[in-house]
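Listed here are the chains, written in short residue letters.
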Amino acid sequence: NREELEIGLEYSRSQDPKDRAVGADVLAQLGWSDRTFLDETVTELIRLLADEDPNVIASAAVGLGHRGDMSAVPHLVALADHADSQVRFGVAFGLLGHDGAAAIVCLIRLTSDMDRKVRSWAVFGLGSQTDADTPELREGLFNALDDDDLEVRGEALVGLACRSDPRTREALLAEWERDVISALSLEAAQELRDPALLPSLTEIHAQFGAEGDDYFKRKLQDALDACRPSTKLS
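Described below are features of the structure shown in this document. (Residues numbered from 1 in each chain as written. Predicted model: local features only at pLDDT ≥ 70, side-chain atom pairs only at ≥ 80, totals over all residues. Heavy atoms only, no water.)

1. A look at the overall build of the chain
Then comes step 1: Helix and strand counts for the chain stand at 14 helices and zero strands.
Then comes step 2: The N-to-C order of helical and strand elements in the chain reads α-α-α-α-α-α-α-α-α-α-α-α-α-α.
Then comes step 3: With the principal axes as the frame, the chain shows a C-alpha extent of 60 × 35 × 30 Å.
Then comes step 4: Split into buried and exposed, the 234 residues of the chain put 50% on the buried side.
Then comes step 5: Taken as a whole, the chain presents about 11,700 Å² of accessible surface, with 50% of it coming from carbon and sulfur.
Then comes step 6: Charge-centre separation for the chain: the mean point of 24 positive side chains lies 2 Å from the mean point of 44 negative side chains. (Helix = DSSP H or I, 4+ residues; strand = E, 2+ residues; numbered from the N terminus. Buried < 20%, exposed > 50% of the residue type's maximum accessible area, 1.4 Å probe, protein only. Areas by Shrake-Rupley, 256 points an atom, 1.4 Å probe, with all protein chains shown as cover. Lys, Arg positive; Asp, Glu negative; His and termini not counted. Charge placed at Lys NZ, Arg CZ, Asp CG, Glu CD.)

Right under this line is the structure:
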């Protein structure tokens with residue numbers, strides 16, 4: 001309600017940067033899915049992107065991600081090269097779900113960020129949080145398959161599989177030659193629904209099916225079921 005809006009605005013204009021960050025968090029989640037007071041909160045969160053404190057900027061950027069208003073995109077993109085990794089993470093989060101060219105180009109750039117968390121959320125944003133499908137976006141995902149981080153590679157595999165990229169099968173087979181099998185790679189196999197993956201999935205089941213946690217075992221079974229020829233979509 002408006003009382004909570006006024007509290008959030010009061011905190012966001014405090015002299016204390018910790019208060020301002022809390023104010024951004026409050027404004028970000030007013031009404032949650034209903035996004036009540038959208039114009040007022042987005043205007044204030046965009047103003048906070050110019051704050052002198054990186055934690056405040058990061059909170060405002062994440063908050064704009066919760067608000068989901070496209071007017072914030074150019075302001076977020078302008079911060080993609082910020083020196084603070086938390087701010088760059090905020091930019092990646094803030095751009096989730098935006099399909100416009102500026103947002104996509106920025107997320108592609110952040111897939112090469114020096115910070116693992118930034119890369120992971122940027123690849124997640126490109127792979128799973130947008131329906132956009134361009135050659136540049138696919139190349140960004142494909143390049144992320146060389147990342148040292150298991151989660152980053154997994155998000156890239158899911159994104160390529162969702163777009164039925166023809167390179168996904170070989171990428172999955174190569175990923176499964178590594179020491180650790182990720183649940184995200186199994187999710188990608190489920191999306192791809194390729195019977196050619198069945199031998200490798202069956203081998204994974206024989207090796208790890210009884211040892212994995214419940215989530216891993218469920219993902220493995222889902223991938224096996226999806227890749228059997230009788231369940232492949234026509």
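Next comes the rest of the write-up.
2. Focus: a nonpolar patch on the surface
Then comes step 1: On the surface, Ile7, Tyr11, Val22 and Val26 cluster together into a nonpolar patch covering about 300 Å² of accessible area.
Then comes step 2: Those elements that provide at least two residues to the nonpolar patch are helix H1 (2-12) and helix H2 (17-28).
Then comes step 3: Inspection of the secondary structure assignment puts isoleucine 7 in helix H1. (Patch = residues over 30% accessible without salt bridge, like charges linked within 9 Å, V, L, I, M, F, W, Y side chains within 5 Å. Salt bridge = Lys/Arg side-chain N within 4 Å of Asp/Glu carboxyl O.)

3. Concerning the packing of aromatic side chains
Then comes step 1: This structure, assessed with the given rule, holds four aromatic pairs.
Then comes step 2: Where phenylalanine 89 meets phenylalanine 93, the ring centres are 6.2 Å apart and the plane angle is 50°; that geometry is what we call tilted. In this pair, phenylalanine 89 and phenylalanine 93 are both assigned in helix H6 (residues 85-94), four residues apart and thus about one turn of the helix distant.
Then comes step 3: The exposure class assigned to phenylalanine 93 is buried, which follows from its relative accessible area of 15%.
Then comes step 4: With a centroid separation of 5.4 Å and an interplanar angle of 45°, the aromatic rings of phenylalanine 93 and tryptophan 121 are classed as tilted. A residue pair is termed long-range when its members are at least 10 positions apart, and phenylalanine 93 in helix H6 and tryptophan 121 in helix H8 (residues 116-128) qualify at 28 residues.
Then comes step 5: Clustering of aromatic rings is evident, with ring pairs tying together Phe89, Phe93, Trp121 and Phe124.
Then comes step 6: Above the face of the phenylalanine 89 ring, lysine 117 is positioned so that its terminal group lies 4.1 Å from the ring centre. (Phe/Tyr/Trp six-rings, centres within 6.5 Å; stacked < 30°, edge-to-face > 60°. Lys NZ or Arg CZ within 6 Å of the ring centre and 35° of its normal.)

4. Here's the deal with the side chain of aspartate 53
Then comes step 1: Mapped onto the elements of the fold, aspartate 53 is located in the loop between helix H3 (38-48) and helix H4 (54-67).
Then comes step 2: Among buried charged residues, aspartate 53 stands out as having no salt bridge; its nearest opposite-charge side chain is arginine 20, 5.4 Å away.
Then comes step 3: Among the polar contacts made by the side chain of aspartate 53, one reaches the main-chain amide nitrogen of asparagine 55 at a distance of 2.9 Å.
Then comes step 4: Discounting residues that sit within four places of it in the chain, aspartate 53 has contacts with Pro17 and Arg20. (Polar contact = N/O pair within 3.5 Å; in protein donor to acceptor, adjacent residues only side chain to side chain. Contact = heavy atoms within 4.5 Å.)

5. Overview of the pattern of salt bridges
Then comes step 1: Applying the stated criterion across every chain yields a total of 21 salt bridges.
Then comes step 2: Ionic pairing is found between arginine 109 and aspartate 81, a salt bridge with its closest N-O pair at 3.7 Å. A residue pair is termed long-range when its members are at least 10 positions apart, and arginine 109 in helix H7 (residues 101-110) and aspartate 81 in the loop between helix H5 (73-77) and H6 qualify at 28 residues.
Then comes step 3: Exposure remark for arginine 109: the relative accessible area of 40% places this residue in the partly exposed category.
Then comes step 4: Where glutamate 151 meets arginine 116, a salt bridge forms, and the shortest distance between an N and an O atom there is 3.2 Å.

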